[in-house]
There are 2 protein chains.
Amino acid sequence: MKSTDRMDIKNERLKFERHLKEKGLRLTTGRQIVFDEVMHAHGHFAPEELVKQCHQNKRRVSRATIYRSINELLEAGVIRKTAFGEKHQHFEHIYDEKPHHHAKCLHCGSYIEFPDLGEDKVYKPYLEKEGFQVIGHEMHFYGICRKCQ
Amino acid sequence: MKSTDRMDIKNERLKFERHLKEKGLRLTTGRQIVFDEVMHAHGHFAPEELVKQCHQNKRRVSRATIYRSINELLEAGVIRKTAFGEKHQHFEHIYDEKPHHHAKCLHCGSYIEFPDLGEDKVYKPYLEKEGFQVIGHEMHFYGICRKCQ
DNA sequence: CTAAAGATGATACACTATCTCATATGAAGT
DNA sequence: ACTTCATATGAGATAGTGTATCATCTTTAG
Ligand SMILES: [Zn+2]
Ligand SMILES: [Zn+2]
Ligand SMILES: [Zn+2]
Ligand SMILES: [Zn+2]
């Protein structure tokens, strides 16, 4: 882990604490565990994957708390939700990520990421003319990955 | 309904029949009902909505058959799946639609559609350089709609 | 120390989608 | 028309994800 990562995580932690304070919530052991496990998740994760990860790492925290904390992290802007067209939600932490999108292999289910090239610039004026106030966007490509050709 | 719509639907029907034939499946009453209801669904629909719609219209077809037929329609290219970041799947028929994307209001949950401006042209070369063969893409904006401002 | 607010975990619940399997249906051959 | 057999269907079971409930525990404030 690079030292910049440690700084980034610290920064995310502050964001989380600020959010909790604003809502009058406490930074409890359970929430710390979830924060920690989320920060160390590799790439995207589904809530149930995080439940397993916590269990494997012998972190004593319940499923309910994990789900609840994930939602707090989302509200705090520490993670973001990504819709992959599947039946469950996906999240990823934001701290060491550049704005990017995802391309999914329809064969093996893997993802590759690629940078955001700012296409929202083109669409924003159109949507705003329609009276729609844009907060964000995501783009999903799908196809066949290199390995599966 | 415009006459062009009728032609479009007929065309979709042929596509469906061709697909079934290729898979050695029959165009049964159940599949006809689902095809029909899907064609007359207004905009996007979730499978469970279609189940309700069929029930309201007194079409005697089971939930299982509806789900199964939806998947056949998907494979036949008559409908497409769209991930709206929700917990269930969404579909929409293709026949009278121009390529478009969706913007979701985070407040009331409604959608507006807007035309595809061809941003995939910019991304395809990048992804193909990575060895990823692009089949398609979708883009989701989210924000606040005119009514909810 | 006490009271109030908040947090947790176990469990129940709701919902979506799929699977199973017994029965029904349709196409083809005799 | 009768038989055969692959396919289709419906009812209900099952699996998976996420939320709601509520009794119990913990923290904070006074
Ligand atoms: Zn692949
Ligand atoms: Zn990503
Ligand atoms: Zn709205
Ligand atoms: Zn649409």
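Higher on the page you've got the structure.
Since we're looking at a predicted model, the values are computed, not measured. (Residues numbered from 1 in each chain as written. Chains lettered and ligands numbered in written order. Predicted model: local features only at pLDDT ≥ 70, side-chain atom pairs only at ≥ 80, totals over all residues. Heavy atoms only, no water.)

### So, the pattern of salt bridges
Two side chains carrying opposite charge are able to pair once their charged atoms lie near each other. For the structure on display, the rule yields 13 salt bridges over all chains. A salt bridge links Glu 12 of chain B to Lys 15 of chain B, with the shortest nitrogen-to-oxygen separation between them at 3.3 Å. Pair noted here: Glu 12 of chain B and Lys 15 of chain B are both in helix H1 (residues 3–22), with a separation of 3 residues, about one helical turn. For Glu 12 of chain B, a relative accessible area of 5% gives the class buried. Assessed through its relative accessible area of 25%, Lys 15 of chain B is described here as partly exposed. Of the charged contacts, one joins Arg 59 of chain B and Glu 37 of chain B as a salt bridge, the two residues approaching to 3.8 Å between their closest N and O atoms. One end of the pair, Arg 59 of chain B, is in the loop between helix H3 (47–56) and helix H4 (63–76); the other, Glu 37 of chain B, is in helix H2 (residues 29–39), and 22 residues separate them in sequence. Taken together, the salt bridges that share partners define one network made up of Lys 23, Glu 72 and Glu 75 of chain A. (Salt bridge = Lys/Arg side-chain N within 4 Å of Asp/Glu carboxyl O. Helix = DSSP H or I, 4+ residues; strand = E, 2+ residues; numbered from the N terminus. Buried < 20%, exposed > 50% of the residue type's maximum accessible area, 1.4 Å probe, protein only.)

### Here we look at the protein's contact with DNA strand C
Neighbouring residues of DNA strand C: 21 residues in total, closest Thr 28, Arg 31, Ser 62, Thr 65 and Arg 68 of chain A. Protein-adjacent atoms of DNA strand C, using a 4 Å cutoff, are sugar or phosphate at a proportion of 70%. Interatomic distance of 2.8 Å between a backbone N/O atom of Arg 26 of chain A and a phosphate oxygen of DNA strand C. The side chain of Arg 31 of chain A places a nitrogen or oxygen atom 2.6 Å from a phosphate oxygen of DNA strand C. Counting only elements with at least two residues in the surface near DNA strand C, the list comes to helix H2 (29–39) and helix H4 (63–76) of chain A together with H3 and H4 of chain B. For the surface near DNA strand C, the element with the highest residue contribution is H4 of chain B, accounting for 4 residues. Taken together, the residues of the surface near DNA strand C sort by class into 5 nonpolar, 7 polar and 9 charged. (Near = heavy atom within 4 Å. Polar contact = N/O pair within 3.5 Å; in protein donor to acceptor, adjacent residues only side chain to side chain. Nonpolar A, V, L, I, M, F, W, Y, C, P; charged D, E, K, R; others polar.)

Shape is all these values report; function is a separate question.
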